[in-house]
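Survey of secondary and tertiary structure
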Amino acid sequence: MKSFARAALAAALLATAGCATQVTRVSPDQAYDLSGKWNDVDSRQVADAIIRQSFEGAAGPSWSVSYMQAHAGRRPTVIVGSIRNRSMEHIPVETFVRDLERAYLASGQVQVVASADERDEVRAERLDQQENASADTRARLGKERGASYMLQGDISSIVDREGGRRVVYYQVDMTLVDLETNAKTWTGQHRIKKFIEQPRVRLF
Amino acid sequence: MMKKTQAAAAAAALALAAACAPRMQPVRPIQANGAMVPSTADATVAAARDEAHAERARIAAEQERTMDAALAACTPSTCNAVARGELSVGMTREQVLAATRTGEVAWEARGGGAVTTLTPRDEGRAPADAVAEVAYVTLQNGRVASYAYREPQGLRLVSSAAEATPAAQARARAEALRREGDDFALAGDFQRALDRYDRADVIAPGDPETTLRIARALDKQLRPYEAAIRYRLFLHQLEIEKIRAYGEVYAGMAAAAAEARSRILVLERSGR
């Protein structure tokens, strides 16, 4: 009887050990697709494609270089507007938008100003400084830089499903709109298509 | 026996389901799951940074050359205009580039021989001077004969130094607003016409032509008291205009009288 109890205990221990959480750190460059839903790989690929397209001109220099040529070397200023998610999935757009902002700033071709959501906090701090900071260190009012262009975009998806198979198509469109004239100065697009096959029966 | 029949039925159902499924070519993956896919953004950004650096250096060198050429031989008034960043009649092509802080790449030259027209190469990013966005510049024998600004009410042509002053700019804008108001009045929309006339009156106040239009628009809108006030103001402004006109005539005559007096003196002395 005792030996039976010991064997049961050992089996339980083994089972518990087998179910323990395993964590393996991997490179952010490694592309893993588990569920087929939008993931970090998609976000990064969209960012890469949009950044590349943004600094490419269809015929001649890119929009930012053209702006510099027409404005005595001054860089265009961009504000990030709304990036609408029209798909059925939850897609955090901030990841690739931040990548794009970072690319603009690092390139030295484009200036980026705080978006409508971000500037409220900055304005509150500036107002606070008017009362509480010393005169020589306080940030002055009315010195904000106005943007020349607004970056807008949307993500759409089309899903085709049959049985355990699914084809998901994502299309990300980004547009740069001239704030004075409403003219669309640049458009970028990236498309992703995934074929997802899920087993009908799962053991676990 | 029953079991065999059931198994056969199930197999047939499965075969039928498989036959009804859409047929497709084998899926060709473009990226293996778990593959290393390094981001290309950093390389793109580095290339863009180099391009921006080179472009800015090129623009700065070009501007320096243009500015040197523009300021090498300019009259004091043209030099001042270049320094202020304003176009003026009589400028050379280099001075136009210097005043608008642009390079040759921003402009497209049309025509040839004696008359050349410079138009912005990219309408969406047209060059501008300190006053407004420039629509075109006409050069005659290498000098600016006229230029046009793109303003909210349309193009404003400048072909003389007098037309480039802020007062002339206001007059031109008021004139454009009056024209716009006239179009609305013609269409029977007196409210919008009145709005344009009011704006013209703000830009160039005291102009009897604007006051008369405001009076008429108010009259047509059946606002008699306001219309009467405007009509009276119009007549008052006309009186002022008359006095001003007489004053100018008398000023001209005073110069002529002074000239006659000096001539009489010269003639009398030479006759002695």
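That block above? That's the structure.
Residues numbered from 1 in each chain as written. Chains lettered and ligands numbered in written order. Predicted model: local features only at pLDDT ≥ 70, side-chain atom pairs only at ≥ 80, totals over all residues.

As a further point, take the pairing of strand β5 (residues 154–158) of chain B. All names here are of chain B. Relative to β5, strand β4 (residues 143–151) runs antiparallel, the two being bridged by five bridges. Across the sheet, Tyr-149 pairs through a bridge with Arg-156, a residue of β5. In textbook terms, the turn of a hairpin is the stretch between consecutive antiparallel strands, and for β4 and β5 this stretch comprises two residues. (Pairing = 2+ DSSP bridges. Helix = DSSP H or I, 4+ residues; strand = E, 2+ residues; numbered from the N terminus.)

What follows is about unusual backbone geometry. All names here are of chain B. Notably, Arg-101 is not glycine yet its phi reads approximately 55°, a positive angle. For Arg-101, the location among the structural elements is in the loop between α4 (93–100) and β1 (107–112). In this structure, Asn-141 takes a positive phi of about 55° despite not being glycine. Checked against the element boundaries, Asn-141 lands in the loop between β3 (133–140) and β4. Residue classification places Asn-141 among the exposed positions, given that 9 C-beta atoms sit within 10 Å. (Buried ≥ 20, exposed ≤ 12 C-beta atoms within 10 Å, placed from the backbone.)

With 59 residues, the main nonpolar core has A:Ile50, A:Ile51, A:Leu100, B:Leu87, B:Val96 and B:Val137 as its most contacted residues. If we ignore the near neighbours within four places in the chain, the residues touching A:Ile50 are A:Phe96, A:Leu100, A:Met174, A:Gly188 and A:His190. With twelve residues, the next largest nonpolar core counts B:Phe190, B:Ala204, B:Ile214 and B:Ala215 among its residues. (Core = buried A, V, L, I, M, F, W, Y, C linked by C-beta atoms within 7 Å. Contact = placed C-beta atoms within 7 Å.)

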